[in-house]
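Residues per chain are reported as follows:
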Amino acid sequence: MFEDGDASWWAQFGCTLTPSGHIKQHQWQTMVLGTATPLILTVALVALGSGAPLTGRVRGNVSEPVPVVLWHGMGDTCCNPLSMGYIKRQVQQQIPGVYVDSLMIGLTVANDLINGYTMNANEQVEKACHKIRKNSKLQNGYHAMGFSQGGQFLRAVAQRCPDPPMFNLVTWGGQHQGVFGLPGCPANVPTCDQSRDSTTVTCYTPDIQIWETQCEYWHDSSKPD
């Protein structure tokens, strides 16, 4: 929820706050996929180009841009034209001739969606590493962009799978320290506290963590073990 004083700031993106301090859902989607996306992509592409080669393979006298690997977040897929498909097109427009691989975990887009909830994170990372190693267009190295849990999974790829090399990684909303709590559910509210405690008990059960992806990065800081 946003304060009244934030209204003028959000107005520059074409958004208005409701009396309760929220942004209308359709305005939020328009802002994210319209105004903000080219801006954050520009920042990301500048970051990707720092400290690493901007070009990869050379064919004849023409240098090809370093490829880019994308990994989507929970509830999304590799190829949704309104989300990752849009991001892919934006990257290709900003870097003419670049090869972009939006990772699909599974044999189909439907598999990719379901696996984002029900496949062990370590297995997902292993499959991503395999795909990247087998992709001839990535063999000289690549940049990576991850969204939500795709960001933290790409971090694992960088740590566990150094060949081919990942030159730069940019993430948005990656849960690098885990997640804890429920949206719109503040502390010291009995029902919220009970919900968090219940989620901790459930997610810290080994048989659940084997397959429930989000439980693998649920992090109750009061239980460091």
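Located above this text is the structure these notes cover.
Computed from a predicted structure; not experimentally measured. (Residues numbered from 1 in each chain as written. Predicted model: local features only at pLDDT ≥ 70, side-chain atom pairs only at ≥ 80, totals over all residues. Heavy atoms only, no water.)

### Quick notes on the state of the cysteines
Working definition: the covalent bond between the sulfur atoms of two cysteines is a disulfide.
Item 1. The tally for this structure, following the rule as stated, stands at four disulfides.
Item 2. Disulfide pairing places Cys185 opposite Cys192 at an S-S distance of 1.9 Å. One disulfide, between Cys185 and Cys192, carries an S-S torsion of -100° and so falls in the left-handed class. Here the two residues Cys185 and Cys192 agree in accessibility, since each one is buried.
Item 3. Of note for the chain: the bonded cysteines, numbered N- to C-terminal, pair according to 1-2, 3-4, 5-6, 7-8. (Disulfide = S-S within 2.5 Å. Buried < 20%, exposed > 50% of the residue type's maximum accessible area, 1.4 Å probe, protein only.)

### So, the nonpolar core
Item 1. Counting residues in each nonpolar core, the largest one holds 20 residues, and the members touching the most others are Val69, Trp71, Leu103, Ile132, Tyr142, Leu154 and Val157.
Item 2. Put simply, the parts of the chain that give this core at least two residues each are strand S3 (68-71), helix H5 (121-134), strand S5 (142-147) and helix H6 (149-160).
Item 3. With five residues, H5 is the single largest residue contributor to this core.
Item 4. Val68, Leu70, Ile87 and Val98 belong to the second-largest nonpolar core, a separate cluster that totals nine residues. (Core = buried A, V, L, I, M, F, W, Y, C linked by side-chain atoms within 4.5 Å. Helix = DSSP H or I, 4+ residues; strand = E, 2+ residues; numbered from the N terminus.)

### Things to note about the packing of aromatic side chains
Item 1. This structure, assessed with the given rule, holds three aromatic pairs.
Item 2. The interplanar angle of 65° and the centroid separation of 5.5 Å between the aromatic rings of Trp71 and Phe153 together place this pair among those described as edge-to-face. Separated by 82 residues along the polypeptide, Trp71 in strand S3 and Phe153 in helix H6 bring together distant segments of the chain. Phe153 shares its class with Trp71; the two are buried.
Item 3. Taken together, a centroid distance of 4.7 Å and an interplanar angle of 10° make the contact between Phe147 and Trp172 stacked. Separated by 25 residues along the polypeptide, Phe147 in strand S5 and Trp172 in strand S6 (residues 166-172) bring together distant segments of the chain. (Phe/Tyr/Trp six-rings, centres within 6.5 Å; stacked < 30°, edge-to-face > 60°.)

### So, the environment of Lys131
Item 1. As for its placement among the helices and strands, Lys131 is situated in helix H5.
Item 2. The partly exposed category is assigned to Lys131, whose relative accessible area is 32%.
Item 3. Sequence separation between Lys131 and Met104 is 27 residues; the distance between their C-alpha atoms is 9.1 Å.

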